[in-house]
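What follows is each chain in one-letter form.
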Amino acid sequence: MYNLLSAYTARLLKDKLFWLIECVIALWAAYVFRLARQSFVCGMHHISKTFHTNPYFFNAAIWLGISLALYSAYFTGTEYHDGILRNQIISGHRRYEIYLSHYLVILLAGVMQAAAYYFVLITADGFFLGFSVMHMLVKPAEYILLILLALLGYSALFSCFSMLLANKNAAVFVQLLLAILMLYFGFATVSSLQEPRTSLVTSTYRGENRTIPNPNYLEGARRELYEWADGLNPSSLSLHGVMAEKKGGIPFHAKIPVGTALLTVCFTAGGAYGFSRKELK
């Protein structure tokens, strides 16, 4: 398995599409930093003490699943097309070793995509003494951990579909659609979980402020269900840091690591079993 992983890593580092994606990510990071600085400079006289740069710093989380879905389908689809997988099995490599090697190299690609974004952002951060993205972050360690957990889930999902769908075009379509749907449900889940318990209402006639129960606040079994959906959806985890500005963020709960572990183990085990039964042409 070590030889397989070394070969896949070498191929990853020589892949033109991978480096093209890295360049696009780097340019996007520079653009996001520019937007963050402009927003700060334009509103510096009106910014409250609660202002933070989380939506800019964790912006990568919005598109990370989509870029990884695209690259995973391309990487594995090329191996099917070129007959590399079949030759590896003929040469004596076990199928579960091939599958796990693909999972790890896709995970590595996702980590490097995120690293490219943060490297440019942090490097740019050091050039502007009057403005710093890093100094205005809220709970950065927790949200970075959530992105890493999301990458584990993304890699398990996309490795499974890529290895079981031999057709590259079909894999690209299915995985991009899945990534977009997960992002949509992630926004819906995080927004619902961030609803406050009470709402502030201003009386039109008396000019008084009073709090009333929020009808959209999730309680009991519904909240349990949404928290499990949050823990099982990688896109939902990655959006915690981006959406924290709106309603205060979601406390880290035990269902997050448990959900990520369940998703990763189930799709990795199921994908490895499906690949072991798959007939390669």
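Refer to the structure above for everything that follows.
What counts, and where the lines are drawn
- Residues numbered from 1 in each chain as written.
- Predicted model: local features only at pLDDT ≥ 70, side-chain atom pairs only at ≥ 80, totals over all residues.
- Heavy atoms only, no water.
- Helix = DSSP H or I, 4+ residues; strand = E, 2+ residues; numbered from the N terminus.
- Buried < 20%, exposed > 50% of the residue type's maximum accessible area, 1.4 Å probe, protein only.
- Polar contact = N/O pair within 3.5 Å; in protein donor to acceptor, adjacent residues only side chain to side chain.
- Contact = heavy atoms within 4.5 Å.
- Axes fitted to C-alpha atoms, helices over the stretch in contact; angles between N-to-C directions.
- Parallel < 35°, antiparallel > 145°, perpendicular 65-115°, else oblique.
- Left-handed = near helix turned anticlockwise from the far one by under 90°.
- Nonpolar A, V, L, I, M, F, W, Y, C, P; charged D, E, K, R; others polar.
- Salt bridge = Lys/Arg side-chain N within 4 Å of Asp/Glu carboxyl O.
- Core = buried A, V, L, I, M, F, W, Y, C linked by side-chain atoms within 4.5 Å.

Engineer: Go over the side chain of Thr260 with me, naming the residues and quoting the values.
Structural biologist: If you trace the backbone, Thr260 turns up in helix H12 (residues 255-277). Take Thr260: its relative accessible area is 5%, and that puts it in the buried class. A polar atom in the side chain of Thr260 sits 3.0 Å from the backbone oxygen of Ile256. Those residues within four positions of Thr260 in sequence are excluded, and the remaining contacts are Leu149, Leu152, Gly231 and Leu237.

Engineer: Let's hear about the side chain of Ser236: which residues, and what values?
Structural biologist: Tracing the sequence through the fold places Ser236 in helix H10 (residues 234-238). For Ser236, the side chain forms a polar contact with the side chain of Asp230, separated by 2.4 Å.

Engineer: So what's going on with the packing of helix H7 (residues 140-164) against helix H8 (residues 168-193)? Residues and values would help.
Structural biologist: Direction vectors running N to C along H7 and H8 enclose 150 degrees, while the axes themselves pass 10 Å from each other. One way to sum up the angle between H7 and H8 is to call them roughly antiparallel. Relative to H8, H7 is oriented so that their crossing is right-handed. Contacts between H7 and H8 involve Tyr154, Leu157, Phe158, Phe161 and Ser162 from the former and Val174, Gln175, Leu178, Ala179 and Met182 from the latter. Classifying every residue of the contact of H7 with H8 gives eight nonpolar, two polar and no charged.

Engineer: Break down the pattern of salt bridges for me, citing the residues and quoting the values.
Structural biologist: One pass over the full model with this rule turns up four salt bridges. The residue Arg223 makes a salt bridge to Glu227 at a minimum N-O spacing of 3.8 Å. Taken as a pair, Arg223 and Glu227 lie in helix H9 (residues 220-232) at a separation of four residues, close to a single helical turn. In this pair, the class of Arg223 matches that of Glu227, namely buried. We note a salt bridge from Lys255 to Glu227, for which the minimum N-O separation is 2.9 Å. On the criterion of sequence distance, the pair formed by Lys255 in helix H12 and Glu227 in helix H9 is long-range, its members being 28 residues apart. Classification of Glu227 as buried rests on a relative accessible area of 15%. Through salt bridges with shared partners, one network takes in Arg223, Glu224, Glu227 and Lys255.

Engineer: Account for the nonpolar core, naming residues and giving values.
Structural biologist: Formed by 59 residues in total, the largest nonpolar core has its most connected members in Phe58, Leu85, Tyr117, Tyr118, Phe158 and Phe275. Sorting elements by how many residues they give to this core places helix H6 (residues 95-125) first, with 13 residues. Excluding residues within four positions of it along the chain, Phe58 makes contact with Tyr118, Leu137, Pro140, Tyr143, Ile144, Ile147, Gly241 and Val242. Within the second largest apolar cluster, seven residues are counted, among which are Leu183, Val190, Leu193 and Leu239.

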